[in-house]
Amino acid sequence: MTDSGETAVVKDDLALVAEAKAGSYEAFEELVNRYENKIYRLGLNVTGNPEDAEDVLQEAFLKAFQHLGEFRADSRFYTWLVRIAVNEGLMKLRKRRSDRSVPMEDEVGEDGELIPRELADWKPNPEQIFAQAEIESILRDAAQKLPPTYRTVFLLRDVEDLSTAETASVLNLSEGTVKARLFRARLMLREELSKVFKRG
Amino acid sequence: MSECKNCLQQISEYLDGQMDPELKKRLEEHLVFCHSCKVVLDSTRKTIELYCDGKLFQLPVAVRDRLHTALRQKLKDPSRC
């Protein structure tokens, strides 16, 4: 005899979007439940500030609901949502730009050579050595040292796992620019984190 | 030194697993004897892993509650916005 227990039907995003477009708030809430963690993390890493991250989170979902009619099913709902959240996050940064030292663009230029200076081995498993709040703060501070245009490429490609093409589309960049910025962002972050995590 | 420069340029592609097999083989041969490049590769990989760690940057319960309250108030109310 086979197990006849009921299996929960997991609706895909597009089915939920269709229901939400037809007026179901519950369907939209299910989409919120699916992506709220990721959008919060994205907002936190883009803005570097928990209050701004909460604003980004709320604004992104509000705007997503209000503009759901403009969503076309030829892209993933999540990619569309990420575009909204990134724009909200970058807007927050622009508002604060005048009183911050972090540049919006890369002042070195994309062709400038990156020479690694920190060449010592890292302590093994820094995530086990440092307290969680401490490591979150270290990662956030390191990310904030990057120009936002690099940071967002890194976050979308490496953390949110968007493809190069999706990242290029969200940020209105060419795929070549995404690859170049990802390379630089990874090395710049590594350099920053090395100052904290190197042995000795 | 120019081997190291080439290696550095290719680290990103190597981590993405998108390298030409011949270039990949040459890079891996270089990594066997070049400690500096190996450190850069390993720590870059670890950098990505740390930012992807699902245990970090969790949505606080209070923030989640405020999100759902705000959305319900603004979106479920027919006179919204």
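These figures come from a predicted structure and were not determined experimentally. (Residues numbered from 1 in each chain as written. Chains lettered and ligands numbered in written order. Predicted model: local features only at pLDDT ≥ 70, side-chain atom pairs only at ≥ 80, totals over all residues.)

Can you tell me about the domain arrangement of chain A, naming the residues and giving the values?
Residues and elements named next belong to chain A. By the assigned domains, chain A splits into domain 1 (13-99) and domain 2 (126-197). When each unit is reduced to the centre of its C-alpha atoms, the spacing between domain 1 and domain 2 is 20 Å. Contacts between domain 1 and domain 2 engage twelve residues on the former and twelve residues on the latter. Those elements that provide at least two residues to the side of domain 1 that touches domain 2 are α2 (25-47) and α4 (77-96). (Domains from an automatic or database assignment. Contact = placed C-beta atoms within 7 Å. Helix = DSSP H or I, 4+ residues; strand = E, 2+ residues; numbered from the N terminus.)

Summarise the environment of A:Asn37; cite the residues concerned and give the values.
Residues and elements named next belong to chain A. Looking at where Asn37 falls in the secondary structure, it is placed in helix α2. Classification of Asn37 as partly exposed rests on a count of 15 C-beta atoms within 10 Å. Sequence separation between Asn37 and Leu57 is 20 residues; the distance between their C-alpha atoms is 9.2 Å. (Buried ≥ 20, exposed ≤ 12 C-beta atoms within 10 Å, placed from the backbone.)

Could you give an account of helix α6 (residues 132-144) of chain A, naming the residues involved and the relevant values?
Taking 1.5 Å per residue as the helical rise, α6(A) with its 13 residues ought to reach 18 Å, and the 18 Å between its terminal C-alpha atoms agrees with that figure. The set of residues buried in α6(A) consists of A:Ile135, A:Leu139, A:Ala142 and A:Ala143. An end-on view of α6(A) places all buried positions within 100 degrees of arc, on one side of the element. The outward face of α6(A), more than 90 degrees from its buried face, is lined by the exposed residues A:Ala133, A:Glu134 and A:Ser137. Where α6(A) is buried, its residues touch α2, α5 (126-129), α7 (148-159) and α9 (175-197) of chain A together with α3 (35-52) of chain B. (Expected span 1.5 Å × (residues − 1). Arc of directions from axis to C-beta.)

Go over the environment of B:Leu23 with me, naming the residues and quoting the values.
With respect to the element layout, B:Leu23 can be found in helix α2 (residues 21-33). Distance in space between the C-alpha atoms of B:Leu23 and B:Cys7 is 9.5 Å, their sequence separation being 16 residues.

Give me α4(A): which residues, what numbers.
Residue pairs spaced three or four apart in an α-helix point in one direction, given the helix's 3.6 residues per turn. All names here are of chain A. The end-to-end C-alpha distance of α4, which contains 20 residues, comes to 29 Å, matching closely the 28 Å that a straight helix rising 1.5 Å per residue would cover. Within α4 the residues assigned to the buried category are Phe77, Trp80, Leu81, Val82, Arg83, Ala85, Val86, Glu88, Gly89, Lys92 and Leu93. Its buried side turned inward, α4 meets α1 (13-21), α2, α3 (50-66), α7 and α8 (164-171).

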